[in-house]
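# Descriptive structure summary
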Amino acid sequence: MGKRNFRKRKGQKGENTWNKKSRNERDGDREAGFGEWVYKNEHFEKYYTEQEIVGTGEWDAFLKHLSLPLPTTFRINNSCAYEDKIKERIATDFKYEDLEIDGEKVAPISTMPWYPEGKGFQWSVERRKIKKLALLSEFQKWLVNLSDSGDITRQEAVSMIPPLVLGVESHHKVLDMCAAPGSKTSQLLESLHDDESKTGKMPTGLIVANDIDIKRAKLMTTSALDQASGVSCLGDYMPRSAEVSAAEQLRQQAGLL
């Protein structure tokens with residue numbers, strides 16, 4: 001008998017295959033099957049009550065703040081060549097003065113003072129409302145286009161802090177475990193390559209990032225490419241010319257070109 005060829009044909013599914021989905025499809029998968037979020041958990045409350053971290057007089061206020069939705073936060077990637085245009089668009093087209101949502105006035109998008117070079121932005125409107133409200137559809141599409149083109153990263157503010165504190169330089173070697181979905185990894189890569197445009201030299205350091213779940217690891221790779229397309233150290237996952245052209249189309253749709 002001849003040898004059997006167990007290699008799967010291109011496109012054939014197997015236990016280690018991964019179907020790439022768009023960012024919107026991934027967001028939809030996460031929200032499918034879930035109704036309104038319930039910010040209450042008896043086990044959580046029992047645990048923290050027993051720790052006596054928060055005084056009884058502040059307990060209700062503590063729970064109230066924990067149940068508040070996270071603001072929408074994003075940052076301009078260091079590799080982005082359109083920083084000024086993005087900031088101008090936020091200050092003009094997306095200023096949203098006198099905007100009210102659910103009967104409450106919403107403050108305009110603002111920079112996070114602790115993020116370097118004014119590249120970090122915060123808006124009190126939570127991500128789910130931006131996706132659902134028709135009057136914010138243009139802003140939502142703009143965010144998605146710039147995120148997919150690798151010019152901005154939509155990332156929780158608390159997630160932006162560790163890479164800043166770590167202070168990665170071009171000669172550092174970093175081990176990033178449980179790295180998916182990859183927003184901090186892409187931020188670390190940006191820091192690693194920060195001096196490249198000034199010196200013209202590739203960094204001697206590297207980032208080793210991994211995740212125990214193969215699907216999440218693949219997501220991390222895609223996320224790193226989406227959010228740090230100028231980085232050139234992702235081996236076989238480097239964007240091809242077609243993907244670069246797609247990024248240019250996204251920038252055109254976002255009004256950067």
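This section reports on the structure supplied with the text. Fair warning: this is a prediction, and the values are worked out from it, not measured in the lab.

Procedures and definitions
Residues numbered from 1 in each chain as written. Predicted model: local features only at pLDDT ≥ 70, side-chain atom pairs only at ≥ 80, totals over all residues. Heavy atoms only, no water. Salt bridge = Lys/Arg side-chain N within 4 Å of Asp/Glu carboxyl O. Buried < 20%, exposed > 50% of the residue type's maximum accessible area, 1.4 Å probe, protein only. Helix = DSSP H or I, 4+ residues; strand = E, 2+ residues; numbered from the N terminus. Arc of directions from axis to C-beta. Contact = heavy atoms within 4.5 Å. Phe/Tyr/Trp six-rings, centres within 6.5 Å; stacked < 30°, edge-to-face > 60°.

Now for the pattern of salt bridges. Taken as a whole and judged by the stated rule, the model has 13 salt bridges. Where R89 meets D93, a salt bridge forms, and the shortest distance between an N and an O atom there is 2.4 Å. Under the relative-accessibility criterion, R89 is labelled buried at 16%. Between R89 and E138 there is a salt bridge; the shortest N-O distance is 2.9 Å. Placement of R89 in helix α4 (residues 83-91) and of E138 in helix α6 (residues 137-148) is noted, with a sequence separation of 49 residues between them. Taken together, the shared-partner salt bridges in this structure form one network comprising E83, K87, E117 and K119.

The subject of this paragraph is helix α7 (residues 157-166). Those residues of α7 not exposed but buried are A157, S159, M160 and P163. Buried residues of α7 fall within an arc of 155° about the axis and therefore sit on the same side. Exposed residues pointing more than 90 degrees away from the buried face of α7 are listed as V158, V165 and L166. Buried residues along α7 sit against β1 (72-76) and α8 (183-192).

Glancing now at the environment of L175. Within the secondary structure, L175 is located in strand β7 (residues 173-176). Residue classification places L175 among the exposed residues on the basis of a relative accessible area of 61%. Measuring from C-alpha to C-alpha, the distance between L175 and V208 comes to 4.9 Å, with 33 residues separating the pair along the chain.

A few words now on the packing of aromatic side chains. In total, this model carries twelve aromatic pairs according to the counting rule given. Aromatic pair F94 and F139: ring centres 5.1 Å apart, planes at 65°, arrangement edge-to-face. Here F94 is found in the loop between α4 and β2 (100-101), whereas its partner F139 is found in helix α6, with 45 residues between them in sequence. Pair check on accessibility: F94 and F139 agree, each one buried. The structure contains a cluster of three or more aromatic residues connected by ring pairs, namely F94, Y96, W123, F139 and W142.

Everything listed here is a matter of geometry and, on its own, says nothing about what the molecule does.
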